[in-house]
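Commentary on secondary and tertiary structure
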Amino acid sequence: MFLQKAWRTAAFGVFGYLNFTKSGFIEHTKKFKEDEMKIRIDGKNCVVTGANSGIGYAVAEALASSGGNVYMVCRNKERGEAAVSKVQSATGNQNVYLEVCDLSSISDIKSCASRFHSKEQPVHILVNNAGLIDNNRTTTPEGLEMNFAVNVAGTFCITELMLPLLEKATPDARVITVSSGGMYTSPLTVDLQFSESKFDGVLQYARNKRVQVALTEKWAELHKNKGIGFYSMHPGWAETPGKLRTSEEGADTIVWLALQPKEKLVSGSFYFDRAEAPKHLPFAGTSGSHDIIDSIVDRLYSLCDISK
């Protein structure tokens, strides 16, 4: 077990250094096709969580530039209003709106989803971008470990509650979940809230991101006949100056997934730099762990108190 963990960490470090940095992005752009980002999505309704800064903001701005009606889901009302105004000014698209929601709160997510349902409009694109890495173990008022609450329970809850609105947008509906390369270092585990050993925020984040990838596979399987595409992706190592990627570079594949004709994409797949990417590193011992996703899904339905 120790040797396998050490191998995962080492393999991830080498793989990440070669691919996830700015230099990796520059190398991969040689295969990018410029026309793929010129596709218009006029009139399509796009929901982006964690949208007031960083990658989420870059995604919202890009989708607004492409003509989408963009709903920026943000926890803080003031920062959210400023971000909406900034996107409207930058793109000239006034169809950009704020939805205030704390993605660590199941109750808040249910209220937010209810507001979307009251609009009786289809949701064409849902981008699950909101994420958290907290090195201290804290719990939400609902009793959930904070990282898990945002990264897993929040992502699961909003996606499940949006499914009827996504079905209204078929055959073009899609869900894009922003995972992380950190998931390469961790298999799935039933200890969702990291209560069985000494807490490690970085490891919990990796575990959460592995769940997101496995959830995407499961959603694709469950809803394959409903005209909804489910994709997970890794933005690279972004938002830090120097060797790492800009927010716009981190957002690139999210926007690409949002714009492409669905026949070009594979539902359930994991994407990186506009291409399908492996979900497991060689000899890392993570692939078999996806067998427990059904029990995890059942647990999430229970924790979120929503029906199948």
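For the protein, the name recorded in an unreviewed UniProt entry is Dehydrogenase/reductase SDR family member 12, with Papaver somniferum as its organism.

1. Describing the environment of Leu 98
Checked against the element boundaries, Leu 98 lands in strand E3 (residues 96-100). For Leu 98, a relative accessible area of 23% corresponds to the partly exposed category. Considering only alpha carbons, one finds Leu 98 and Gly 143, 45 residues apart in sequence, at a separation of 27 Å. With residues near it in sequence (within four places) discarded, Leu 98 still touches Met 72, Cys 74, Lys 77, Gly 80, Glu 81 and Val 84.

2. Regarding the pairing of strand E6 (residues 228-233)
Where burial is concerned, most of E6 is hidden: six out of the six residues are buried. Burial of the side chains of E6 extends over both faces: Ile 228, Phe 230 and Ser 232 are buried on one face and Gly 229, Tyr 231 and Met 233 on the other. Pairing analysis gives six bridges linking strand E5 (residues 173-178) to E6, with the strands arranged parallel. If you follow Ile 176 over to E6, its bridge partner there is Tyr 231. Following the backbone out of E5, through helix H7 (residues 201-222) and into the adjacent parallel E6, one traces a crossover that is right-handed.

3. Quick word on the layout of surface pockets
Estimated volume of the largest pocket: approximately 810 Å³. Along its surface, the largest pocket is lined by 36 residues, and Gly 50, Asn 129, Ala 130, Gly 131 and Leu 132 are the ones closest to its centre. Those elements giving two or more residues to the lining of the largest pocket turn out to be helix H3 (54-65), strand E2 (69-74), helix H6 (146-167) and H7. In terms of residue count, the dominant contributor to the lining of the largest pocket is H3 (three residues). Its residues assigned to classes, the lining of the largest pocket shows 16 nonpolar, 15 polar and five charged.

Definitions and limits used
- Residues numbered from 1 in each chain as written.
- Predicted model: local features only at pLDDT ≥ 70, side-chain atom pairs only at ≥ 80, totals over all residues.
- Heavy atoms only, no water.
- Helix = DSSP H or I, 4+ residues; strand = E, 2+ residues; numbered from the N terminus.
- Buried < 20%, exposed > 50% of the residue type's maximum accessible area, 1.4 Å probe, protein only.
- Contact = heavy atoms within 4.5 Å.
- Pairing = 2+ DSSP bridges.
- Right-handed = clockwise from strand over helix to strand, strands pointing away.
- 1 Å grid on protein atoms, 1.4 Å probe; cavity = no way out; pocket = protein on both sides within 12 Å on 5 of 7 lines; lining within 4 Å.
- Points joined across faces, edges and corners; volume = space filled by probe spheres on them.
- Nonpolar A, V, L, I, M, F, W, Y, C, P; charged D, E, K, R; others polar.

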